[in-house]
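So the chains spell out like this:
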Amino acid sequence: MSLKAIHVSEVPSLDHFPENPSLLCSSRKANNNKFLVVGHRGHGMNMSQSPDLRFSALKENSILSFNAASKLPLDFIEFDVQVTRDGCPVIFHDDFIFSEEQGVVYEKRVTEVSLSEFMSYGPQRELEKTGKPLLRKSKEGKILKWTVHGDDSLCTLQEAFEKVVNPNLGFNIELKLDDNLVYSSDHLSRLLLPILQVVSDFAKDRAIIFSSFHPDAALLVRKLQTTYPVFFLTNGGTEMYYDARRNSLEEAIKVCLEGGLQGIVSEVKGVFRNPAAVYKIKESKLSLMTYGKLNNVAEAVYMQHLMGIEGVIVDHVEEITEAVSEMMKPSSRDVDDTKPKPNFSERELCFLLKLIPELIQH
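Residues numbered from 1 in each chain as written. Predicted model: local features only at pLDDT ≥ 70, side-chain atom pairs only at ≥ 80, totals over all residues. Heavy atoms only, no water.

Student: Go over the overall build of the protein chain, please, and point to the residues and values.
Tutor: Across its full length, the protein chain carries 12 helices and 14 strands. Element-wise, carbon and sulfur atoms account for 52% of the exposed surface of the protein chain, whose accessible area totals about 18100 Å². (Helix = DSSP H or I, 4+ residues; strand = E, 2+ residues; numbered from the N terminus. Areas by Shrake-Rupley, 256 points an atom, 1.4 Å probe, with all protein chains shown as cover.)

Shown next, in the form of structure tokens:
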């Protein structure tokens, strides 16, 4: 299939978005107790130095990973979208692509390469072609080979819509921006409009959620369209930024209410450290989901369900979907349940919520 870059100059008015909104809320109308499970970067993120082989099973943010996730009882997959120099939305998490030539490692910013160059890294669709080596920078600053057991080529947002076989699997599209750059409104528009155009052209009836750690990007995408919900991503105070809007759940609530956003996606530790914020979020009629390593622990996910959190983004998709399936089964004294669910009283739950922040701090 030939890939065509979408240039901002070609993007028309976005007033023609589909009339049938595909909202997170719409899935709750049918089932008020629905608890969403979202696959992080598809079937789970990659961590090359992790001894846990699940973190190197399938290439993250790839069609292979998305389709593997689609076979599980997931509600959404989450993935990161950036726009190439020639205006094509591509799916890639890191701000920079790392590669090497004749033993020399180099890096290029994703938004500064063309679509054809972006697609030239890693495995190629045409078997006779050899892609440029795809390396990755670890959190410790080491440049490592990006090694996975199930590899796949890089992909565009359009391809995700065309090639993810399960039409009922929702897309949580994170609008990926660099924390170290300052974006003008015009620059943000040039990055967001091509993404919105692809969604408008190819989403059809697929459920869509937009999200971003960048408050101005989240607010702008809400202004540009009102069909799909927009969530503000936040660390919930677990990390500090120059932009105060990113530094607490209380600030996240303000951003959402002032900009008409539909919800918050918080680092789960931020919620456990500040459980009182859950009530404030719900009182503000906002949805709340979480992400983070603790979401790979079934007990932590169950606790969030009890707290009223509406969904979790997870890496260990098989284990957590199974745990949530067990968690959501109606309890019955007549059924011999080999996996009994905790049954906390209101007083016990209150005690646990007070205890969790202390546990997270240590």
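Student: Please set out the nonpolar core residue by residue, giving values where relevant.
Tutor: By size, the foremost hydrophobic cluster in this structure holds 67 residues, and its most contacted members are Ile173 and Phe210. Top element by residues in this core is helix H5 (residues 185-202). It accounts for seven residues. Formed by 14 residues, the second largest nonpolar core is a distinct cluster that contains Leu115, Tyr121, Val148 and Leu154. (Core = buried A, V, L, I, M, F, W, Y, C linked by side-chain atoms within 4.5 Å. Buried < 20%, exposed > 50% of the residue type's maximum accessible area, 1.4 Å probe, protein only.)

Student: For the packing of H5 against helix H6 (residues 215-224), give the residues involved together with the corresponding values.
Tutor: To characterise two packed helices, one gives the angle between the axes of the helices and the distance between these axes. The contact between H5 and H6 brings their axes to 10 Å, and the two run at 55 degrees. Relative to H6, the element H5 is oriented oblique. In the packing of H5 onto H6, the handedness of the crossing is right-handed. Contacts from Ser185, Leu188, Ser189, Leu192, Leu193 and Leu196 in H5 reach Asp216, Ala217, Leu220, Val221 and Leu224 in H6. Taken together, the residues of the contact of H5 with H6 sort by class into eight nonpolar, two polar and one charged. (Axes fitted to C-alpha atoms, helices over the stretch in contact; angles between N-to-C directions. Parallel < 35°, antiparallel > 145°, perpendicular 65-115°, else oblique. Left-handed = near helix turned anticlockwise from the far one by under 90°. Contact = heavy atoms within 4.5 Å. Nonpolar A, V, L, I, M, F, W, Y, C, P; charged D, E, K, R; others polar.)

Student: Tell me what's going on with H6, and back it up with residues and numbers.
Tutor: For an α-helix, the turn length of 3.6 residues means that residues three or four places apart are oriented alike. For H6, the complete set of buried residues consists of Pro215, Ala217, Ala218, Leu220, Val221 and Arg222. Buried positions along H6 lie against strand S9 (170-175), H5, strand S10 (208-212), strand S11 (230-234) and helix H7 (249-259).

Student: Outline the confidence of the model for the protein chain, listing residues and values.
Tutor: Per-residue pLDDT for the protein chain averages 88, and the proportion of residues at 70 or more is 82%. Across residues 15-23, confidence stays below pLDDT 50; counting only partners more than four residues off in sequence or on other chains, it has 23 contacts. (pLDDT = per-residue confidence, 0-100.)

Student: Describe the pairing of strand S14 (residues 311-314), with residues and values.
Tutor: Here is the key point about a regular strand: its side chains alternate between the two faces of the sheet. Residue alternation in S14 divides its side chains into two sets, Gly311 and Ile313 and Val312 and Val314, and both sets are buried. Across four bridges, strand S1 (residues 36-40) lies against S14 in parallel orientation. Residue pairing in the sheet places Val37 in a bridge with Val312 of S14. Where strand S13 (residues 287-291) and S14 come together, two bridges link them in parallel fashion. Counted as the bridge partner of Met289 is Gly311 from S14. (Pairing = 2+ DSSP bridges.)

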